[in-house]
Amino acid sequence: MQNGANYQELSRRYGFAPKLESASRLTQLVARQDSDVDEIVKVINKDPALRDRLLRVANPDAENAAEYSIETVEEALMRNGVGCAMVLAMSTPLALALIKTAQTMLSVKMEMIDRNLAEPLENEHLLGTIGFSGKVAGAVYLRMNLASARMVAAEILGMNPEEMADVNEIRDVVGELLNIMTGNFKSNLCDASLDCKLQPPEVKLSTDSQSPVVPGGGLERMAFRTDKAQIFVDVTANPWNSED
Amino acid sequence: MASKILSVDDSRTIRLIVGRALRPYDCVLCEAGNGEEGLAVAAREKPDLILLDVTMPVMDGVTMLTKLKEDPALKTIPVIMLTAESGRDNVIHIARLGVRDYLVKPFKEDQLIEKLSRNLTLQKREAAPVAPAPAPAPAAAPQA
């Protein structure tokens with residue numbers, strides 16, 4: 001009975017949440033490499049959040065939209081390249097998965113904030129990394145200071161932060177958070193025919209807040225905040241990886 | 001009779017969340033950290049249902065599911081996928097192998113219970129009998 005089912009039928013049967021069309025569409029368009037730029041512009045203009053993020057990246061010195069010298073998606077693509085839009089589109093499912101995880105598993109509202117407005121990380125923090133390789137290659141980095149990580153782990157496990165004395169337990173929660181985010185991210189890539197495999201997550205204490213950029217790729221840096229915690233997520237990806 | 005559920009996930013966090021969701025119900029939870037262990041526990045414990053992750057070390061969930069469906073003694077055990085993988089091709093492939101349901105992470109505990117209830121009879125645990133209140137201690141004899 002399930003043999004002939006297509007994805008839409010299965011998606012309905014299993015009660016999947018609808019996918020973000022603009023991210024999938026943009027990923028597919030850019031992955032093709034020969035796409036018409038006008039088509040890419042049209043897709044970005046239909047998604048105000050994506051458009052805003054692209055313009056913010058294209059105007060790195062501006063403190064707000066009134067200071068933007070680059071005001072249109074076309075200009076932003078000319079300045080930053082289509083690859084930049086691709087990394088932004090790819091990071092959208094990641095950001096949504098993190099926000100949804102906060103809502104469902106932590107019962108807290110999480111919002112994406114301007115990275116420049118976030119409080120800087122403490123020197124030593126928890127760093128989770130997952131690499132991916134295939135038609136697209138790169139890595140996702142998740143950073144939290146220890147207090148934030150302890151709070152997040154305690155909320156997910158239904159414990160008091162004071163009970164979370166075991167760093168390995170906190171690491172496991174952070175690793176799973178990373179797994180959930182990156183699984184959603186990978187699904188979007190695979191749907192755009194950018195098949196890739198995830199490496200196992202690695203979570204460790206680190207003092208380095210720089211994320212290495214994958215050769216030939218771009219970097220998107222995001223920050224998220226709840227009332228008690230801050231989370232930093234960096235994505236680096238080369239959407240035209242030659243290794244497959 | 002208590003239902004027996006096998007949770008196969010490399011994340012202890014997920015196994016703890018599953019255990020917490022099932023705490024109010026009369027069921028036995030078995031655990032495995034990868035597909036290879038999952039097959040061994042399934043053969044030994046004969047669970048009523050398996051919750052299965054996809055991305056795991058040693059043996060992934062798709063390989064475990066394939067082997068499970070090839071084993072005459074285990075192939076009828078219902079499987080619910082519990083994974084962050086929701087890519088079109090993966091979902092179609094997994095559905096073809098034969099799963100009862102599919103829950104994408106992140107998930108709410110209520111969603112998990114709802115999916116399990118469609119495939120199992122989950123009965124609430126009986127509340128522990130309330131112990132009779134102890135008789136009040138006799139008043140201390142006034143000291144002379």
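Structure shown above.
Residues numbered from 1 in each chain as written. Chains lettered and ligands numbered in written order. Predicted model: local features only at pLDDT ≥ 70, side-chain atom pairs only at ≥ 80, totals over all residues.

1. Focus on the overall build of chain B
- Helix and strand content of chain B: 5 helices and 5 strands.
- The order of helices and strands in chain B, counted from the N terminus, is β-α-β-α-β-α-β-α-β-α.
- Sequence-distant contacts in chain B: of pairs separated by 6 or more residues, those separated by 24 or more amount to 61%. (Helix = DSSP H or I, 4+ residues; strand = E, 2+ residues; numbered from the N terminus. Contact = placed C-beta atoms within 7 Å.)

2. Points about helix H3 (residues 37-45) of chain A
Residues and elements named next belong to chain A.
- Burial in H3 covers these residues: Ile40, Val43 and Ile44. Buried positions in H3, seen along its axis, are confined to an arc of 95° and lie on one side of it.
- If you follow the buried residues of H3, they end up packed against helix H2 (21-32), helix H4 (48-58), helix H5 (73-80) and helix H6 (82-105). (Buried ≥ 20, exposed ≤ 12 C-beta atoms within 10 Å, placed from the backbone. Arc of directions from axis to C-beta.)

3. Considerations on the sheet that holds strand E3 (residues 49-52) of chain B
Residues and elements named next belong to chain B.
- Here we have 5 strands laid out as an open sheet, ordered E2-E1-E3-E4-E5, and parallel in their pairing. The open sheet has two edge strands, strand E2 (27-32) and strand E5 (101-104), and neither has a second partner. Here the strands of the sheet are splayed against their neighbours by 20° on average, with no regard to which way each runs.
- Looking at chain direction, strand E1 (residues 3-8) and E3 are connected through 4 bridges and run parallel. Each bridged residue has a counterpart across the sheet, and for serine 7 the counterpart in E3 is leucine 51. (Pairing = 2+ DSSP bridges. Axes fitted to C-alpha atoms, helices over the stretch in contact; angles between N-to-C directions.)

4. Side note on the pairing of E5 of chain B
Residues and elements named next belong to chain B.
- Sheet topology note: the strand E4 (residues 79-83)/E5 ladder contains 4 bridges and is parallel. Each bridged residue has a counterpart across the sheet, and for threonine 83 the counterpart in E5 is valine 104.
- Taking the sense of rotation as the criterion, the β-α-β connection linking E4, helix H4 (residues 88-97) and E5 turns out right-handed. (Right-handed = clockwise from strand over helix to strand, strands pointing away.)

5. As for the interface of chain A and chain B
- Each partner contributes to the interface: chain A provides 28 residues, whereas chain B provides 28 residues.
- Those elements that provide at least two residues to the side of chain A that touches chain B are helix H1 (7-14), H6, helix H7 (146-157) and helix H8 (167-191) of chain A.
- Tallied by class, residues from the side of chain A that touches chain B come to 13 nonpolar, 10 polar and 5 charged. (Nonpolar A, V, L, I, M, F, W, Y, C, P; charged D, E, K, R; others polar.)

6. Some remarks on the pairing of E3 of chain B
Residue and element names in this part refer to chain B.
- Neither face of E3 is left uncovered, since the one carrying Leu49 and Leu51 and the one carrying Ile50 and Leu52 both have all their residues buried.
- Sheet analysis places E3 next to E4, joined by 3 bridges and oriented parallel. Residue pairing for E4: isoleucine 50 is matched across the bridge by valine 79.
- As a crossover connection, the stretch from E3 through helix H3 (residues 61-70) into E4 is right-handed.

7. Describing helix H1 (residues 12-22) of chain B
- Of all the residues in H1 of chain B, the buried ones are Thr13, Ile14, Arg15, Leu16, Ile17, Val18 and Leu22 of chain B.
- For H1 of chain B, the elements touching its buried residues are H7 and H8 of chain A together with E1, E2, E3 and helix H5 (109-117) of chain B.

8. A look at the packing of H2 of chain A against H6 of chain A
Residues and elements named next belong to chain A.
- Axis separation between H2 and H6 bottoms out at 9 Å; the angle between their running directions is 145°. At the point where H2 passes H6, the crossing takes the left-handed sense. Counted together, Ala23, Leu26, Thr27 and Val30 of H2 and Val82, Ala85, Met86, Ala89, Met90, Thr92 and Pro93 of H6 form the full contact between these two elements. (Left-handed = near helix turned anticlockwise from the far one by under 90°.)

9. Quick look at the nonpolar core
- Ranked by size, the top nonpolar core spans 107 residues in total, and within it Ala85, Leu98, Val140, Val174 and Val233 of chain A together with Met81 of chain B carry the most contacts.
- With 13 residues, H6 of chain A is the single largest residue contributor to this core.
- With residues up to four places along the chain from it excluded, the contact list for valine 174 of chain A reads Leu126, Gly128, Leu142, Met144, Ala149 and Val203 of chain A. (Core = buried A, V, L, I, M, F, W, Y, C linked by C-beta atoms within 7 Å.)

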